[in-house]
Amino acid sequence: MNAIIFSALLGVVMMFSGILTTNKQAIKNIALVCLTLLLVANLANHYEWYSIKIDTKQMFSFGKYGYFFNTIAITATLLYVFVSGDDIVKVGSYGAEYFALIFFVLCGVTILSSYNNLLMLFLGIEIMTIPLYILTGSDKKNLHSNEAALKYFLMGAFSTGIMLMGIALLYGSSGSFGIESIVNNTSITLMKVPILEVIGLMFVFVSMLFKVSAAPFHFWTPDVYDGAPSVFTSFMATIVKSAGFIALITLFANKSEELGKLWNILLVIVIIATLLVGNITAVFQQSVKRMLAYSSIAQAGFMLFALYSRNEIARDGILLYTTAYSLATIGTFAILIKMEDHSLDGYNGLAKSQPLLAATQTIFLFSLAGIPLTAGFFAKYFMLASVIRTGGNAAIYLVIIGVLFAAVSLYYYFKVIQAMYFKEGNAATTKITPSFKFALLLLAFLIILFGVMPDALLGLFYF
Amino acid sequence: MPIQYYIYLSLALFSIGIVGVLVRRNAIIVFMCIELMLNAVNLLLVAFSKMHYNMAHLTNAETTVGTEGQLFVFFIMVVAAAEVSVGLAIIVMMFRNIHSVDVNFLNRLKN
């Protein structure tokens with residue numbers, strides 16, 4: 001609860017700090033301090049210390065799981081600002097406002113991690129995405145950024161409309177917005193109209209697929225991720241996407257029984273389509289940024305495995321997956337921002353000119369591909385293990401398909417490594433500061449740490 | 001009036017909105033169609049709210065069932081207003097750069 005209140009307040013603080021100072025370095029440091037405060041406030045909740053104790057009237061169900069996800073999201077944002085903070089203030093002349101918007105996004109993320117009511121789901125999604133429309137279009141003179149912002153906005157608002165229709169139909173069938181009450185609501189069984197409920201859930205499901213960019217509703221993703229300023233793409237592809245998955249899993253953890261067998265078939269189709277579209281299209285991309293956009297669709301396919309299995313391993317696994325994926329993607333984008341040329345050829349010979357950047361980039365890509373000894377391996381392992389646990393023939397086939405597509409993903413990740421190490425060329429980068437190198441090393445260290453000991457992260461959760 | 005009429009009317013408005021979003025090329029009109037979708041939802045929520053109230057009223061005269069449906073409508077209005085301000089700002093930004101609000105412009109990133 002602290003995180004929700006503090007993220008909104010600190011966003012306002014960031015906004016006012018823009019009036020007091022225009023020094024970009026100072027603004028970045030204020031943002032780092034505010035994020036640390038937010039992290040402390042959230043950790044205080046772990047230990048049952050509340051700033052304000054509010055009766056939320058069943059709107060929220062605060063629990064350890066939500067708090068732990070908040071901790072992961074805030075820490076990832078902290079690392080993100082630590083690595084790319086200098087590039088955030090460089091996007092335009094409103095450095096403090098960008099950070100303020102990032103705080104407002106975090107407010108939405110923290111709402112989504114512990115909502116217990118469809119009203120809060122709706123508000124969380126909106127608080128999370130509206131600032132993102134602005135961040136996407138923050139490079140105001142750049143036509144690509146404009147186009148991405150308009151496309152993201154129209155698609156986002158459209159999917160919100162669909163979600164609201166779903167919520168209205170669910171309300172019609174059950175008479176309540178609570179996410180659990182729908183199963184056990186006996187008071188108005190007289191009026192219960194199951195068909196409305198199923199249609200409503202389908203509407204909400206479709207709109208959530210829009211938000212997490214799963215096929216067949218992924219078509220906006222590559223364009224938006226490509227057009228947005230790279231620093232904000234990094235944020236959108238990691239923290240925001242993970243929050244969407246947490247929301248999706250919380251919603252359907254209670255509801256899948258009502259949808260019955262058809263639901264699993266539908267989900268399998270969505271997973272396979274997402275993996276197929278993401279991986280196969282990524283193979284043909286020449287621009288690394290666009291390749292990463294498609295790879296983020298492919299990773300979304302893997303995260304959907306948790307929605308299919310819905311057991312304990314999946315709950316742990318999705319936390320590990322979001323951590324591994326966020327760390328690796330933040331690092332990859334941080335290096336991408338420093339490159340002069342965003343195409344694959346732009347990376348040629350990076351190992352000679354910037355050996356450290358090439359080495360850490362290799363670790364990030366290994367983690368994204370799921371090579372052992374990196375966090376990505378155990379993340380994928382947990383996802384596949386959770387599907388195996390559900391039993392049945394479909395589970396085995398799903399795992400085989402998952403492994404096959406993980407192998408496909410090796411191809412396009414290794415193309416970047418090949419360009420860096422085995423091709424001649426002089427990859428031009430902008431100025432690399434020692435603190436940037438240190439931040440990259442920190443990210444790489446965390447990835448290796450969670451790859452060697454995934455319990456180090458999950459142990460924190462059970463602690 | 002029976003609830004079915006409200007459901008048919010709001011589904012019709014919603015469908016008009018969806019078709020408008022998919023067919024029209026002018027960003028402002030697409031935007032208006034999205035608003036139409038939201039308003040169809042508002043109508044449906046209010047109708048359902050009244051329906052649940054009437055059902056509960058039969059057994060308990062002092063019931064407050066159905067209030068939350070109307071509360072939700074207020075939230076939708078507020079969020080839609082916030083979305084309008086951001087959306088129009090984005091459309092104005094685009095208009096300043098290309099002097100058009102045609103959605104067909106949105107094809108440059110494909111290549």
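Worth saying up front: this structure is predicted, and the values here are computed from it rather than measured.

Asks: Hey, could you run me through the overall build of chain B in this one?
Replies: Each helix and strand in chain B was counted, giving three helices and zero strands. Mapped in sequence order, the helices and strands of chain B form the string α-α-α. What you see for chain B is a C-alpha radius of gyration of 19 Å, clearly larger than the 13 Å of a compact globule of 111 residues, by over 25%. Seen along its three principal axes, the alpha-carbon backbone of chain B occupies a region of about 60 × 25 × 20 Å. Among the 111 residues that make up chain B, the fraction classed as buried is 41%. Sequence-distant contacts, at least 24 apart, represent 61% of the contacts inside chain B between residues at least 6 apart. For chain B, the exposed area adds up to about 6100 Å²; of that, 67% sits on carbon and sulfur atoms.

Asks: Honestly, the interface of chain A and chain B in this entry has me stumped. Any pointers?
Replies: How big an interface is tends to be expressed through the accessible area that disappears when the partners come together. Contacts between the two partners involve 45 residues from chain A and, on the opposite side, 42 residues from chain B. Carbon and sulfur atoms make up 82% of the area that chain A and chain B hide from each other, which totals about 4000 Å². Seen at the junction of chain A and chain B, the total is zero salt bridges. For the interface between chain A and chain B, the tally reads four residue pairs in polar contact (both at pLDDT 80 or more). No other element matches the 22 residues that helix α6 (residues 143-174) of chain A contributes to the side of chain A that touches chain B.

Asks: Even after reading the chapter, I still don't get helix α1 (residues 2-20) of chain A, so can you show me in this structure?
Replies: The periodicity of an α-helix, 3.6 residues per turn, causes residues three or four places apart in sequence to face the same way. Residues and elements named next belong to chain A. Spanning 19 residues, α1 covers 26 Å between terminal C-alpha atoms, matching the ideal 27 Å at 1.5 Å per step. Within the sequence span of α1, burial applies to Asn2, Ala3, Ile4, Ser7, Leu10, Gly11, Met14 and Ser17. Against α2 (24-46), α3 (64-90) and α4 (95-113) lie the buried residues of α1.

Asks: In this structure, what is going on with unusual backbone geometry? I would like to understand it.
Replies: Among all residues except glycine, the phi angle is most often negative; among peptide bonds, the trans geometry is most common. Residue and element names in this part refer to chain A. Along the chain, alanine 215 connects to proline 216 via a cis peptide bond; the corresponding omega equals 0°. Position of proline 216 relative to the elements: it lies in the loop between α8 (194-211) and α9 (220-227). The phi dihedral of lysine 57 falls on the positive side, at around 55°, and the residue is not glycine. With respect to the helices and strands, lysine 57 occurs in the loop between α2 and α3. Backbone geometry at glutamine 58 places phi at a positive 65°, although glycine is not the residue there. Its location among the elements puts glutamine 58 in the loop between α2 and α3.

Asks: Teacher, can you tell me more about the packing of aromatic side chains here?
Replies: Think of a pair of aromatic rings as described by two things: how far the centres are apart, and how the planes are tilted against each other in angle. Summed over the entire model, instances satisfying the criterion amount to 29 aromatic pairs over all chains. Ring plane angle 70° and centroid distance 4.7 Å describe the contact between phenylalanine 205 of chain A and tryptophan 263 of chain A, whose orientation is recorded as edge-to-face. Linking phenylalanine 205 of chain A in helix α8 with tryptophan 263 of chain A in helix α12 (residues 261-283), this pair joins segments that are 58 residues apart in sequence. For the residue pair phenylalanine 205 of chain A and tryptophan 263 of chain A, the accessibility class agrees, reading buried in each case. Considering the side-chain rings of tyrosine 412 of chain A and tyrosine 413 of chain A, the 4.8 Å spacing of their centres and the 55° angle between planes classify their relative orientation as tilted. Take tyrosine 412 of chain A and tyrosine 413 of chain A: they sit in the same class, and that class is buried. Feature note: the residues Tyr133, Tyr152, Phe153, Trp220 and Tyr225 of chain A together with Phe31 of chain B constitute an aromatic cluster, connected by ring pairs. Sitting above the plane of the tyrosine 65 of chain A ring, arginine 315 of chain A keeps its charged end 4.2 Å from the centroid.

Asks: Help me out: how do you make sense of the pattern of salt bridges in this one?
Replies: Opposite charge on two side chains allows them to pair when their charged atoms are near. All names here are of chain A. By the definition in use, this model includes nine salt bridges over all chains. Between lysine 90 and aspartate 87 there is a salt bridge, with its nearest N and O atoms 4.0 Å apart. Of this pair, lysine 90 and aspartate 87 both sit in helix α3, separated by three residues, roughly a single helical turn. A salt bridge links lysine 151 to aspartate 223; its shortest N-O distance comes to 2.6 Å. Here the residue lysine 151 occupies a position in helix α6, and aspartate 223 occupies one in helix α9, the gap between them amounting to 72 residues. In this pair, the class of lysine 151 matches that of aspartate 223, namely buried.

Parameters and conventions
- Residues numbered from 1 in each chain as written.
- Chains lettered and ligands numbered in written order.
- Predicted model: local features only at pLDDT ≥ 70, side-chain atom pairs only at ≥ 80, totals over all residues.
- Heavy atoms only, no water.
- Helix = DSSP H or I, 4+ residues; strand = E, 2+ residues; numbered from the N terminus.
- Rg over C-alpha atoms; globule rule 2.2 N^0.38 Å.
- Buried < 20%, exposed > 50% of the residue type's maximum accessible area, 1.4 Å probe, protein only.
- Contact = heavy atoms within 4.5 Å.
- Areas by Shrake-Rupley, 256 points an atom, 1.4 Å probe, with all protein chains shown as cover.
- Buried area = accessible area lost by both parts, 1.4 Å probe.
- Salt bridge = Lys/Arg side-chain N within 4 Å of Asp/Glu carboxyl O.
- Polar contact = N/O pair within 3.5 Å; in protein donor to acceptor, adjacent residues only side chain to side chain.
- Expected span 1.5 Å × (residues − 1).
- Phe/Tyr/Trp six-rings, centres within 6.5 Å; stacked < 30°, edge-to-face > 60°.
- Lys NZ or Arg CZ within 6 Å of the ring centre and 35° of its normal.

That is the geometry; function is a separate question.
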